[in-house]
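Survey of secondary and tertiary structure
What follows is the residue order along each chain.
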Amino acid sequence: MRSRSRVCLLGTLLTVIALVPTGAPAPDLFAADRTMLRAAIRTPATGFDPKIETASTVGAIDANAIETLVTTDFDGVTIRPQLATEWRVEGARSWIFKLRPKVRFHDGTPFDAAAVKFSLERMAAADSSQRGDFAWLESVQIVDPLTVRITAKYPYAPMLSSLAFYEPYLVSPSAVQRMGDGFGQRPVGTGPFKFQSHVPKQRTIMVRNDDYWGPKAVLAQVDWIFVPEDNARLAGLLAGELDLLTVIEPSIAQAIAKNAQYQVLHGPADLVDRVGFNTRKKPFDDVRIRRAIVHAINRKLMLETIFGGDGVLYDMPIAPTMWGYDRSTMGPLSYPYDPEKAKRLLAEAGYPNGFKTTFTAINRPDHRQIAEVVQEDLKKVGIQVEVKTFDFATVAELSRQGQDEMYIIGTYGVGDPDRVFPEYESSTVGVKNRNFWSTPEVDRLIALQRTQLDDAKRLALVRQAAAKIREAVPDFALRVRVDAEAISKKVKGYRLHPLKWVLQPVGLEP
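To start, this report covers the structure provided alongside it. Since the structure is predicted, the reported quantities are computational estimates derived from the model, not experimental observations.

On to the overall build of the protein. Broken down by element type, the protein carries 14 helices and 18 strands. Over its C-alpha atoms the protein spans a radius of gyration of 23 Å, differing by no more than 12% from the 24 Å that the globule rule assigns to 510 residues. Its C-alpha atoms put the protein at 70 × 60 × 40 Å along the principal axes. Burial statistics for the protein: of 510 residues in total, 58% are counted as buried. Split by element, the accessible area of the protein, about 19300 Å² in all, is 51% carbon and sulfur. Each charge class in the protein was averaged separately, 65 positive and 60 negative side chains, and the resulting centres sit 2 Å apart.

All right, on to the pairing of strand E1 (residues 36-41) then. Buried residues dominate E1, accounting for six of its six residues. Inspection of the sheet shows E1 paired to strand E11 (residues 244-245) by two bridges, in the parallel sense. In the sheet register, Ala40 faces E11, and the bridge partner there is Leu245.

So, about empty space enclosed by the protein. Here the largest cavity defines a volume of roughly 710 Å³. As for the largest cavity, its lining consists of 46 residues, of which Thr54, Ala55, Ser56, Thr57 and Leu271 are closest to the centre. Of all the secondary-structure elements, those providing two or more residues to the lining of the largest cavity are helix H1 (56-62), strand E12 (262-277), helix H12 (392-401), strand E15 (406-412) and strand E16 (475-488). Sorting elements by how many residues they give to the lining of the largest cavity places H1 first, with six residues. A breakdown of the residues in the lining of the largest cavity according to their chemical character gives 18 nonpolar, 12 polar and 16 charged.

Further remarks concern the sheet that holds E15. In space, the 10 strands of this open sheet follow the order E8-E9-E10-E1-E11-E16-E12-E15-E13-E14, with mixed pairing throughout. Strands with a single pairing partner mark the edges of an open sheet, and in this sheet they are strand E8 (193-199) and strand E14 (384-390). As paired strands, E11 and E16 are joined by two bridges and run antiparallel to one another. Along E16, the bridge assignment pairs Leu244 with Ile487.

What follows deals with helix H10 (residues 339-348). When H10 is considered as a whole, its buried residues turn out to be Ala342, Leu345 and Leu346. All buried residues of H10 project into a common sector of 100° when viewed along the axis, lining one side. Downstream of H10 by one or two residues, Gly350 has phi in the positive range, about 95°.

Okay, helix H14 (residues 455-472) next. Compared with an ideal rise of 1.5 Å per residue, which puts 18 residues at 26 Å, H14 spans 26 Å between its outermost C-alpha atoms and is within 8% of the ideal. Looking at H14, one finds that the buried residues are Arg458, Leu461, Val462, Ala465, Ala466, Ile469, Arg470 and Ala472. If you follow the buried residues of H14, they end up packed against helix H7 (287-296), helix H9 (327-330) and helix H13 (440-451). Where H14 begins, the capping side chain belongs to Asp454, and its oxygen is found 3.1 Å from the backbone nitrogen of Ala456. A positive backbone phi angle near 40° is found at Val473, which sits one or two residues after H14.

Another aspect to go through is the pattern of salt bridges. The tally for this structure, following the rule as stated, stands at 31 salt bridges. The partner of Asp49 in a salt bridge is Arg122, and the shortest N-O contact between them spans 2.6 Å. Remark: Arg122 occurs in helix H2 (residues 113-124) and Asp49 occurs in the loop between E1 and H1; sequence separation between them is 73 residues. Considered together, Asp49 and Arg122 belong to a single accessibility category, that of buried residues. Residues joined by salt bridges that share partners form a network here, namely Arg42, Glu249, Arg364 and Asp366.

What follows is about the environment of Leu238. Note that Leu238 resides in helix H5 (residues 230-238). Relative accessible area serves as the criterion here: at 41%, Leu238 is assigned to the partly exposed category. Along the chain, Leu238 and Gln261 lie 23 residues apart, while their C-alpha atoms are 8.8 Å from each other. In this structure, Leu238 is in contact with Ile256, Asn259 and Tyr262, ignoring residues within four places of it in sequence.

Turning next to the packing of H13 against H14. The interhelical angle for the contact between H13 and H14, taken along N-to-C directions, is 155°, at an axis separation of 9 Å. Overall, the two elements H13 and H14 adopt an arrangement that is roughly antiparallel. Crossing geometry of H13 relative to H14 is assigned as left-handed. Taking contact as the criterion, the partners of Glu441, Val442, Leu445, Ile446, Leu448 and Gln449 in H13 are, on H14, Arg458, Leu461, Val462, Gln464, Ala465, Lys468 and Ile469. In terms of residue class, the contact of H13 with H14 is made up of eight nonpolar, two polar and three charged.

Criteria and thresholds
- Residues numbered from 1 in each chain as written.
- Predicted model: local features only at pLDDT ≥ 70, side-chain atom pairs only at ≥ 80, totals over all residues.
- Heavy atoms only, no water.
- Helix = DSSP H or I, 4+ residues; strand = E, 2+ residues; numbered from the N terminus.
- Rg over C-alpha atoms; globule rule 2.2 N^0.38 Å.
- Buried < 20%, exposed > 50% of the residue type's maximum accessible area, 1.4 Å probe, protein only.
- Areas by Shrake-Rupley, 256 points an atom, 1.4 Å probe, with all protein chains shown as cover.
- Lys, Arg positive; Asp, Glu negative; His and termini not counted.
- Charge placed at Lys NZ, Arg CZ, Asp CG, Glu CD.
- Pairing = 2+ DSSP bridges.
- 1 Å grid on protein atoms, 1.4 Å probe; cavity = no way out; pocket = protein on both sides within 12 Å on 5 of 7 lines; lining within 4 Å.
- Points joined across faces, edges and corners; volume = space filled by probe spheres on them.
- Nonpolar A, V, L, I, M, F, W, Y, C, P; charged D, E, K, R; others polar.
- Arc of directions from axis to C-beta.
- Expected span 1.5 Å × (residues − 1).
- Contact = heavy atoms within 4.5 Å.
- Polar contact = N/O pair within 3.5 Å; in protein donor to acceptor, adjacent residues only side chain to side chain.
- Salt bridge = Lys/Arg side-chain N within 4 Å of Asp/Glu carboxyl O.
- Axes fitted to C-alpha atoms, helices over the stretch in contact; angles between N-to-C directions.
- Parallel < 35°, antiparallel > 145°, perpendicular 65-115°, else oblique.
- Left-handed = near helix turned anticlockwise from the far one by under 90°.

Structure, rendered in structure tokens:
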């Protein structure tokens, strides 16, 4: 039996379902060929191996070259086939996936069940940056060359959604074995584009995969160019040297608002700008200090100014765009702006005169602005903040190792709540859990909600865990952002997706 279906990302039991350096871009980066799209990214990419890299930018680019068993539609909710054509539940812990036939990787090797087994086990390996997301995986069995059985260690409600997001990208086993540590520079998948070259933190080139199993891409080439500064990105767009600016700030949107040659696209909420505390360092081990800091920061004013009103304020961990959000209980902010209350909490915790701390941010315009606001707001309640900025990879590594005190980094704002729960578990400390906060009770609730296949019962567990996390405030959200991108109107067929930059159907007018 085959039927199409819209499914909630919690992935309950289903029947079979079918089918550049800072500054203006250098002139020599560009060509006149209008079958080539030039896209500016603001987070530098050192590599593209989905096992290693955790930046959302890498995942969004990888999606054009490396595919998954199942994927999400543009609404971020509907699960659709990709390299699996159909799937069904087998018992409480296993799923059977039928694979798309006659698909080849970019290196010419066949895509088959052995490649699925290799790729998923690679994601769950002890040396994988994604192992926290695959703690549920018990085994991947080859039933036949085009069928796999995926078994969880326990009944796992979000399995289908877990297989639809970034990390489960399926890669060529022979390419991984052949290229070794160099695989991340030109990873090999099955997608409509393939990697041609990569200069870390500068430029990545993809070319059309003419042997793609589905509709061929319209573009012959895509250049991903690292342009971190907003002024340089805007100048490149206005000069015709760039066609697409991914993830723009309000200043760019305002600058092109009345220009008939360009367009600002607004899409669904996707990622979250959040500030975390290293709770194993004093004074952040005291919940009163953490609450005081959140009360001291004017998040509403930050949303209106720095973010130009784009986004929604909320309390971690479940964003308004995720399954499990409850407006009646989660809508009101638990820690609204209240500097006087912040001072009282600091005094209660033994810091009536405040203290000194550091704030680690990514070295890009919006994060520098956020850091300055945090610095000024905390100064008003007596907390002296030293701002430290690094590239994304360094911030990510410092926070994972616990070598910071406060930091800003992104997290998920769409999908199943189990995408964010690993950030609060004891088993993922130093991997997904950058706050070094956990409790046995929250561990218990998170584990239980994963195994509960009844939607209503699982929802109750999800909300119980979320309430305890909000009460402990190991981190807090500045906003869940509404995606905004700027494009030349010569770009045709481009739509915003909450998780990736989909370029297969995109074309360019001369």
